[in-house]
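# Notes for the structure review
What follows is each chain in one-letter form.
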Amino acid sequence: MIETNRPAAVPAEDEPDLLRDQFKQLLRYRRLLGAGVGIGLLGGVYLGISTSDTYVATADIVLRAPTDDPFNPSLAPDKAINIGSERQVALSSSIANEAAKKLGVTSKDFAGLRSGLQVTNPPQTMVLRFTYTASSPKEAATRANAMTEAYLLKRQESLDVTRDKMVKGYQDQRDPIAKNLDDLVKQINSMPAGTGRDAAYASKTDLQSKVNTLNGNIAKLQALDMSPGRVTSPATPPSGTDGPGIPMSLALGAAVGLALGLLAAWVRLVFDPAPRSEGDVARALRAPVLGYLPRPKTGGGPLLAAGEEDPRLAEEFRSVAFRLAYDSRFADRRRLLVVAPRGSSETAAAAAVNLAASFAETGKDVLLIEADLRTPVLASQLPTGAGRPRWSQSTGGQAAGGHSAAHGESDWPDGRQLVVDAGESGAFDLIPGEPVRNVARALTSSRATRLISEADSPNSTVVVLAPPVLSYADALALVDRVDGVLVVCDPRAVHRSDLSRIRELISGAGGTVLGAVLHAPLPGEKRGRSGRGGKATGSDAPAQASRPSAPQPLTRQPDQEHRQAEPEQHIPGDGTDTVALRTVRMGRR
């Protein structure tokens with residue numbers, strides 16, 4: 001196979017791609033979108049029904065200010081009339097009382113009479129628009145005209161009262177002066193000629209001037225045009241209802257509901273901790289998504305996908321294997337660590353097995369190491385057979401002699417090596433896991449290190465399966481020797497913070513996340529379960545399976561070479577059974 005130094009990197013995404021990705025993510029919340037559209041349709045139905053028997057009639061009035069010369073433009077009407085105050089007067093109870101008297105409305109229906117009226121003022125005009133809403137077209141027009149007439153009548157009365165008060169005030173000022181003038185005239189007629197008569201004539205002239213001024217003011221007020229305004233367009237019975245109709249109401253309701261649903265979906269997307277796309281996973285891990293496993297047609301099934309009726313799964317694993325083979329970070333050492341974030345390792349085990357088969361199909365000597373020593377299951381679920389290993393180094397001699405055990409090392413790896421028949425893909429070797437007394441000592445033993453170093457042999461590849469990295473620290477103990485890590489996860493069952501933490505833990509231990517393989521929820525799992533809380537989904541394993549195995553006697557029984565793991569797979573808990581693997585000293589990883 002031709003190797004290249006071009007690593008599989010996260011593809012750069014421009015803004016249109018990100019927007020397109022976010023829009024696709026919004027479409028995932030179909031329930032919120034459907035609820036928004038449903039609420040909008042209900043609102044549209046209510047609007048259409050409530051306005052189906054509603055009629056609106058409109059009448060316009062142009063207001064006029066009192067003037068003695070209507071053609072004199074020296075005084076602007078908007079300066080003499082406060083249109084806002086006039087609008088409030090039109091809506092007052094006094095106008096409604098006057099209209100009620102004309103219409104014969106009783107006091108019981110007086111509130112309903114006022115509630116149907118709306119008065120508006122078009123901008124930059126001296127027009128008051130009376131809009132009345134009623135249940136029949138004739139009633140709407142009649143009441144709108146009655147309101148306008150009542151308003152004009154009240155405004156006329158108000159202007160007349162104001163003028164009469166001013167005229168009376170001028171008259172009250174004039175009458176005493178006129179009386180004094182009459183008395184002074186009588187005195188002048190009886191006075192002889194001389195200085196006194198001349199002074200009396202001067203007083204008479206002053207009094208006469210005042211009387212003439214007051215008479216002029218009274219005459220001016222009496223000559224004013226007191227018209228309050230005129231009706232420019234009387235109300236007529238409307239020909240149709242005011243509502244938009246049922247079809248238009250439904251369309252408007254659906255549009256508004258869709259907008260509300262999109263807004264709710266966007267808010268849900270912003271606060272959703274789970275990655276909803278391959279781009280979110282790639283950004284959290286800072287590594288590409290190498291593949292997305294298709295949903296199996298039937299639940300469960302064998303670990304090996306080769307030879308199944310649905311070839312999509314096997315082809316997807318082959319695609320992942322080829323992408324890894326062309327990544328220089330993996331091709332240089334040919335060591336791959338397959339882990340899951342938390343919860344079940346079932347899909348991670350299937351990925352490790354099928355990747356081993358895919359590498360074997362390309363002519364590589366593949367060794368699959370089951371480093372899950374807590375609940376090993378591969379030996380019982382794979383078609384294995386006894387045979388002499390093809391590897392240059394054997395770990396059996398060190399374990400068989402018992403010399404290592406004397407120094408306190410664990411019983412794994414014990415030299416047992418199986419050959420897995422992968423059908424047309426060929427065969428690969430399997431080092432099955434076994435429950436041990438001390439998992440930390442077994443994973444960090446010199447025999448495990450020598451076993452992993454088999455990848456240094458020409459044309460060889462080592463794939464290691466480890467427990468979930470956030471539930472146990474077992475995977476971190478292997479990172480310094482198997483530095484290429486492949487994360488297998490369900491994007492809807494893990495948080496973005498979990499993926500970022502996995503990347504930080506692996507990078508801190510000296511490893512590199514080569515990529516991720518995504519899959520759909522396992523059969524029996526609830527969609528959207530985040531996996532937090534330590535409870536496995538879709539598992540019937542007993543509670544004691546989530547704890548480390550009880551210590552076993554050091555003496556190996558004769559039939560232990562051929563024993564198989566229990567068929568149930570342990571699904572780890574919330575990490576309370578995690579044990580410390582080793583103490584990292586300064587200068588060592």
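Residues numbered from 1 in each chain as written. Predicted model: local features only at pLDDT ≥ 70, side-chain atom pairs only at ≥ 80, totals over all residues. Heavy atoms only, no water.

### Overview of the sheet that holds strand β3 (residues 127-134)
We count it as follows: Here, any two strands with at least 2 DSSP bridges between them count as paired. Put simply, DSSP marks the helices as runs of H or I at least four residues long and the strands as runs of E at least two long, and each gets a number from the N terminus on. To obtain an axis, a line is fitted to C-alpha atoms, over the contacting stretch when the element is a helix, and the angle between two such axes runs from 0 to 180 degrees between their N-to-C directions. Contact criterion: two residues are considered in contact whenever any of their non-hydrogen atoms come within 4.5 Å of each other.
Strand order in this open sheet of 4 strands is β2-β3-β1-β4, and the pairing throughout is antiparallel. A strand with exactly one partner marks an edge of an open sheet, and here the two such strands are β2 (117-120) and β4 (229-233). Taking the axes of each pair of neighbouring strands and ignoring which way they run, one obtains an average angle of 25 degrees across the sheet. Judged from the 4 bridges that link them, strand β1 (residues 55-63) and β4 form a sheet pairing that is antiparallel. Each bridged residue has a counterpart across the sheet, and for Ile61 the counterpart in β4 is Val231. Lying over the sheet, helix α7 (residues 137-190) contacts β1, β2, β3 and β4, oriented at roughly 20 degrees with respect to β1.

### Focus: the sheet that holds strand β10 (residues 427-431)
Read across the open sheet, the 9 strands follow the order β5-β13-β12-β6-β11-β7-β10-β9-β8; overall the sheet is mixed. Edge strands, defined here as strands with exactly one partner in the open sheet, are β5 (289-292) and β8 (384-385). Bridge count for strand β6 (residues 335-339) against strand β11 (residues 460-465) is 4 bridges, and the pairing is parallel. Each bridged residue has a counterpart across the sheet, and for Leu337 the counterpart in β11 is Val464. Contacts from helix α11 (residues 312-325) reach β5, β6 and β13 (512-518) within the one sheet, and its direction differs from that of β5 by about 170 degrees.

### Let's talk about the environment of Asn354
Put simply, the rule is: The buried label applies to any residue whose accessible area, calculated with a 1.4 Å probe on protein chains only, is under 20% of its type's maximum; exposed applies above 50%, and partly exposed to all values in between.
Locating Asn354 in the fold gives a position in helix α13 (residues 346-361). Owing to a relative accessible area of 5%, Asn354 belongs among the buried residues under this scheme. The spatial distance from the C-alpha of Asn354 to the C-alpha of Leu313 is 9.4 Å, given a sequence separation of 41 residues.

### What about the pattern of salt bridges?
The condition that has to hold: Salt-bridge detection follows one rule: a side-chain nitrogen of Lys or Arg within 4 Å of a carboxyl oxygen of Asp or Glu.
Scanning all chains against the criterion turns up 18 salt bridges. With a closest N to O distance of 1.6 Å, Glu149 and Lys102 form a salt bridge. Of this pair, Glu149 sits in helix α7 while Lys102 sits in helix α5 (residues 93-103); the two residues are 47 residues apart in sequence, bridging distant segments of the chain. Exposure remark for Glu149: the relative accessible area of 38% places this residue in the partly exposed category.

### A short note on the confidence of the model for the chain
Defined as follows: pLDDT measures how confident the predictor is about each residue, on a scale from 0 to 100.
Here the chain averages 78 in pLDDT, while 78% of its residues score no lower than 70. Within the model, the stretch residues 1-10 combines pLDDT values under 50 with 25 contacts to residues more than four positions away or in other chains. Taken as a whole, residues 527-589 scores under 50 in pLDDT and shows 99 contacts with residues more than four places along the chain or in a different chain.

### Side note on the side chain of Arg334
In this structure, Arg334 sits in the loop between α12 (328-331) and β6. Overall, the relative accessible area of 16% leaves Arg334 in the buried class. Apart from the residues lying within four places of it in its own chain, the contact partners of Arg334 are Lys364, Ala455, Asp456, Ser457, Ser460, Thr461 and Val462.

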